[in-house]
Amino acid sequence: MKNIELLEWDSQNFDFKVGQLLVEKAEKFSVNALLSKAKAEGYRLLYIITPHKLNNLNLFFDEKLLYSKTNINRYGITCDEIESCKTITADLYQLSIKSGEFSRYNIDPVFPTYLFEMLYKKWIENSINTDFATDVLVYRHNTKIVGLLTYKNKGCVSSIGIVAVDPLYQRLGIGSKLIQHYESLLSDNIVEINVVTQGINLCARTFYEKNGYDIVSRKFVYHLWL
């Protein structure tokens, strides 16, 4: 069996030992052997990541879909209500937590709610300070932030992080305006956009597909609690 990879950020922030194991071939995977090894090494939570669904595991799992787009609309619309945000606000915290509605950290019944909310608060904080993001775009209605999109450029690829719209302002095209505005900001050296969403998040999947994004890969993440 492969060695379990210690996830330092997760372990430090959740205050218990977290690791992950990549499983390429389901037929060679033994959960009993993994349990013994993980317990001996003091793990509380393991992420089992695999390209195949493990039907013999009675564990919570999340299907993660990677969407990609290469036909970037650099000359699309820009929107006066959208701006770059450099300061954390209560609206940003609320939208960030809202974006995680279908996150495995929120859906897993064993994962503590307060840790899920802490995780997404840290995500937006680290996006504002540019550790996690190149920029944070917000859509304002009067003075209230009602839409959010974060992204990170690395080399020739741009990755979307958080996308959220206040429930009271949904179905008004704000999400599409954010993504079109974002694409118009990308320089010519960016040739691909990636974004990950959950298989059960049908609204997000419809949104990305409507805006020209296609599924390029999928994987399953199982939570094994010890």
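Residues numbered from 1 in each chain as written. Predicted model: local features only at pLDDT ≥ 70, side-chain atom pairs only at ≥ 80, totals over all residues. Heavy atoms only, no water.

Trainee: For this particular structure, what's the right way to read the packing of helix α3 (residues 90-99) against helix α5 (residues 113-128)?
Mentor: Each pair of packed helices can be summarised by the angle the axes make with each other and by the distance between the axes. Orientation of α3 relative to α5, taken along the N-to-C sense of each, is 120 degrees, at an axis distance of 9 Å. Considering their axes alone, α3 and α5 lie oblique with respect to each other. The chirality of how α3 crosses α5 is right-handed. Only Phe116, Glu117, Tyr120, Lys121, Ile124, Glu125 and Ile128 of α5 make contact with α3, whose side of the interface consists of Leu92, Tyr93, Ser96, Ile97 and Ser99. (Axes fitted to C-alpha atoms, helices over the stretch in contact; angles between N-to-C directions. Helix = DSSP H or I, 4+ residues; strand = E, 2+ residues; numbered from the N terminus. Parallel < 35°, antiparallel > 145°, perpendicular 65-115°, else oblique. Left-handed = near helix turned anticlockwise from the far one by under 90°. Contact = heavy atoms within 4.5 Å.)

Trainee: When you look at the nonpolar core in this model, what are you seeing that I'm missing?
Mentor: Side chains of a nonpolar character, in soluble globular proteins, are inclined to be buried together. Residues Leu149, Ile160, Ile179, Tyr182, Tyr208 and Tyr213 are the most contacted members of the largest nonpolar core, which totals 25 residues. Broken down by secondary-structure element, the contributors of at least two residues to this core are β4 (61-69), β6 (135-141), β7 (144-154), β8 (157-165), α6 (174-185), β9 (192-198) and α7 (202-210). If you tally residues by element for this core, the top one is α6, at four residues. If we ignore the near neighbours within four places in the chain, the residues touching Ile160 are Leu149, Thr150, Tyr151, Ile179, Tyr182, Ile193, Asn194, Val195, Tyr208 and Tyr213. Membership of the second largest hydrophobic core comes to 17 residues, among which are Leu7, Leu45, Met118 and Val221. (Core = buried A, V, L, I, M, F, W, Y, C linked by side-chain atoms within 4.5 Å. Buried < 20%, exposed > 50% of the residue type's maximum accessible area, 1.4 Å probe, protein only.)

Trainee: What is the right way to look at the packing of aromatic side chains in this model?
Mentor: By convention here, two paired aromatic rings are described through the distance between centres and the angle between planes. Here the structure, examined in full by the defined rule, presents 15 aromatic pairs. Taken together, a centroid distance of 6.2 Å and an interplanar angle of 75 degrees make the contact between Tyr47 and Tyr105 edge-to-face. Of the two residues, Tyr47 is situated in strand β3 (residues 45-50) and Tyr105 in helix α4 (residues 104-107); the sequence distance between them amounts to 58 residues. Per residue, the accessibility class of Tyr47 equals that of Tyr105, and both read buried. Both rings, one in Tyr151 and one in Tyr182, keep their centres 4.8 Å apart while their planes meet at 50 degrees; by these two values the pair is tilted. One end of the pair, Tyr151, is in strand β7; the other, Tyr182, is in helix α6, and 31 residues separate them in sequence. The class for Tyr182 is buried, based on a relative accessible area of 0%. These aromatic residues form a ring-pair network of at least three members: Phe14, Phe16, Tyr47, Tyr105, Phe111 and Trp225. Above the plane of the ring of Tyr43 lies Lys17, whose end atom (NZ or CZ) is 4.5 Å from the centre. Above the plane of the ring of Phe16 lies Arg44, whose end atom (NZ or CZ) is 5.0 Å from the centre. (Phe/Tyr/Trp six-rings, centres within 6.5 Å; stacked < 30°, edge-to-face > 60°. Lys NZ or Arg CZ within 6 Å of the ring centre and 35° of its normal.)

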